[in-house]
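# Close look at the chain arrangement
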Amino acid sequence: MSAGLAALLDDVAVLARAAAASLDDVGLAAAKAGSKAAGVVIDDAAVTPQYVRGLAAERELPIVKRIALGSLRNKFLIILPVILLLSQFLPVLLTPLLMIGGAYLCYEGAEKVWAKIAHHDAHEEKQAQPDEKTLIAGAIRTDLILSAEIMVISLNEVADQPFLNRLIILTIVAVAMTILVYGAVGLIVKMDDVGLRLAEGSNKGLAGFGRGLVKAMPKVLTALTVIGTAAMLWVGGHILLVGTKELGWHGLYDVVHHLEVAAHDGTGALGGVVGWLVNTVLSAIIGLIVGALIVVFMMFTFHRKSHAKTTEHAAEPTAEAAPEADTPAATTPVAPAEPKAETPAVTEPKTEDPKPHH
């Protein structure tokens, strides 16, 4: 009896050690996968604060919370099931789908640049009174693309793992990245409130620091808006750049890679940073070009059609009002004509009356 129990406990201990080792492997794989996507996480954290600019202070955190919940829905209801199924059965479709998302990011970034250049006043006016539903929907759409890239990059790092391990690893990455991104966003958008609290305190040093925070945060948020737009172009362009290589067209990727390596080798100790900057700038330029082409296409197709429909609807009441205006004008001469026709009928008896009387 005791020997059997000891053997059972030994088996349990072996299983526990195996499970612990497996969890360690999963944890290490999740950390490795997440680190590969760190660049996109930074971009996501830079993009999101622009969606709460212009909102009342008490609405900032609730909006960030709703965007974070939308991000989790994106990851668990759309991205995770799709990429796991595709990686299992149709891995060849992952790259084209990701490139479509990259093109959408390029379009969003280029559209913001065009709006800033061509419609500066209207854009600022729109920012002054933002519509929360529209802002949240736009933020969640952008998050869908950025989250998809995070998850696909993470998936590429664990593609050799069994299906269950992939599911666990990607789940950990999804939750951790969402907390990291939107926790950072929440801190960024509330820093001015923190500064205000510090400025109202009795400690002179902290009060001065708080006043500095309050003054600096509008500039920081403006800078983050610019960084967020640039990040859309960079991430979208980089997705397209890497996608063309994975689809078999190496020309553009090889040119960018050659310039990156040349910058890396020619700048000594700063080679890593300079090489990364070269790749980033060139990816952003590619993203801006592709995004601008899509903006022009949209302007001359969908936007023009919607403008034509608006013009037609505006013209319809005018066309209908014309007959209504003509109708009274046509009947106006008829009304006075009827009394004139009746006048002889009234005067005839008066001419006959004098004859019998006379």
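From N to C terminus, the chain includes 13 helices and zero strands. Shown N-terminal to C-terminal, the secondary structure of the chain runs as helices and strands in the order α-α-α-α-α-α-α-α-α-α-α-α-α. Sorting the 358 residues of the chain into buried and exposed places 32% on the buried side. When contacts within the chain are restricted to residue pairs at least 6 apart in sequence, those whose partners lie at least 24 apart make up 79%. When the accessible surface of the chain is split by element, carbon and sulfur atoms take 69% of a total near 21,700 Å².

Attention now moves to the environment of L170. As for its placement among the helices and strands, L170 is situated in helix α7 (residues 163–199). Taking the relative accessible area as the measure of exposure, L170 reaches 0% and is therefore buried. Spatially, the C-alpha atom of L170 lies 9.3 Å from that of L84, the residues being 86 residues apart in sequence. Here L170 is in contact with L80, I83, L84, M151, S154 and L155, once residues within four sequence places are set aside.

To continue, consider the side chain of D143. Along the chain, D143 turns up in helix α6 (residues 132–157). A polar contact is formed between the side chain of D143 and the side chain of Y182, at a distance of 2.7 Å.

A rise of 1.5 Å per residue sets the reference length of helix α10 (residues 271–300), with its 30 residues, at 44 Å; its end C-alpha atoms lie 44 Å apart and thus fit the reference within 8%. Those residues of α10 that sit buried are G271, G275, N279, T280, S283, I286, G287, G291, V295 and M298.

Looking now at the confidence of the model for the chain. Looking at the chain as a whole, the pLDDT averages 77, with 69% of positions reaching at least 70. This stretch, residues 121–127, has a pLDDT under 50; its non-local contacts, to residues over four places away or in other chains, come to five contacts. Scored below 50 in pLDDT, residues 324–358 makes zero contacts in the model with residues more than four places away or belonging to other chains.

Using the criterion set out here, one finds two aromatic pairs in the structure. Ring geometry for Y104 against Y107: centres 6.4 Å apart, planes inclined by 50°, an arrangement best described as tilted. Here the residue Y104 and the residue Y107 both occupy positions in helix α4 (residues 94–118), the gap between them amounting to three residues, near one helical turn. On the basis of relative accessibility, which here comes to 13%, the residue Y107 falls in the buried class. With centroids separated by 5.5 Å and ring planes inclined at 85°, the aromatic side chains of W234 and W276 adopt a geometry described as edge-to-face. Here the residue W234 occupies a position in helix α8 (residues 204–246), and W276 occupies one in helix α10, the gap between them amounting to 42 residues. With a relative accessible area of 45%, W276 lands in the partly exposed category.

Core analysis: the biggest nonpolar cluster contains 42 residues, and I83, M151 and L170 have the highest contact counts within it. Listing elements by their share of this core, those giving two or more residues are α3 (57–89), α4, α6, α7 and α8. Per element, the largest residue contribution to this core is 11 residues, and it comes from α6. Residues in contact with M151, not counting those within four places in the same chain, are I79, L80, I83, L170, V173 and A174.

On to the packing of α4 against α6, then. Running from amino to carboxyl end, α4 crosses α6 at an angle of 140°, the nearest separation of the two axes being 10 Å. Seen from above, α4 lies across α6 with left-handed handedness. Every residue of α6 that contacts α4 at L94, L98, G101, G102, Y104, L105 and E108 is listed here: G138, R141, T142, I145, L146, A148, E149, V152 and L155. Here the contact of α4 with α6 is built from residues that sort into nine nonpolar, four polar and three charged.

Below, the discussion takes up a nonpolar patch on the surface. Among the surface-exposed residues, L77, I78, V82, L85, F89, L90, V92, L93, L97 and I100 lie close enough to one another that they form a single nonpolar patch of about 990 Å² accessible area. When residues of the nonpolar patch are traced back to their parent elements, those giving at least two are α3 and α4. Residue contributions to the nonpolar patch peak at five residues, all from α3. Structurally, L85 is set in helix α3.

All right, on to the packing of α6 against α7 then. It is at 10 Å that the axes of α6 and α7 come closest, and there the two elements cross at 140°. Between α6 and α7, the angle is such that the two are oblique. The two elements α6 and α7 cross, and the hand of that crossing is right-handed. When α6 is examined against α7, the residues D143, I150, M151, S154 and L155 are found in contact with a partner set consisting of R166, L170, V173, A174, M177 and Y182. Partitioning the contact of α6 with α7 into residue classes produces eight nonpolar, one polar and two charged.

Each value, and the rule that gives it
Residues numbered from 1 in each chain as written. Predicted model: local features only at pLDDT ≥ 70, side-chain atom pairs only at ≥ 80, totals over all residues. Heavy atoms only, no water. Helix = DSSP H or I, 4+ residues; strand = E, 2+ residues; numbered from the N terminus. Buried < 20%, exposed > 50% of the residue type's maximum accessible area, 1.4 Å probe, protein only. Contact = heavy atoms within 4.5 Å. Areas by Shrake-Rupley, 256 points an atom, 1.4 Å probe, with all protein chains shown as cover. Polar contact = N/O pair within 3.5 Å; in protein donor to acceptor, adjacent residues only side chain to side chain. Expected span 1.5 Å × (residues − 1). pLDDT = per-residue confidence, 0-100. Phe/Tyr/Trp six-rings, centres within 6.5 Å; stacked < 30°, edge-to-face > 60°. Core = buried A, V, L, I, M, F, W, Y, C linked by side-chain atoms within 4.5 Å. Axes fitted to C-alpha atoms, helices over the stretch in contact; angles between N-to-C directions. Left-handed = near helix turned anticlockwise from the far one by under 90°. Nonpolar A, V, L, I, M, F, W, Y, C, P; charged D, E, K, R; others polar. Patch = residues over 30% accessible without salt bridge, like charges linked within 9 Å, V, L, I, M, F, W, Y side chains within 5 Å. Salt bridge = Lys/Arg side-chain N within 4 Å of Asp/Glu carboxyl O. Parallel < 35°, antiparallel > 145°, perpendicular 65-115°, else oblique.

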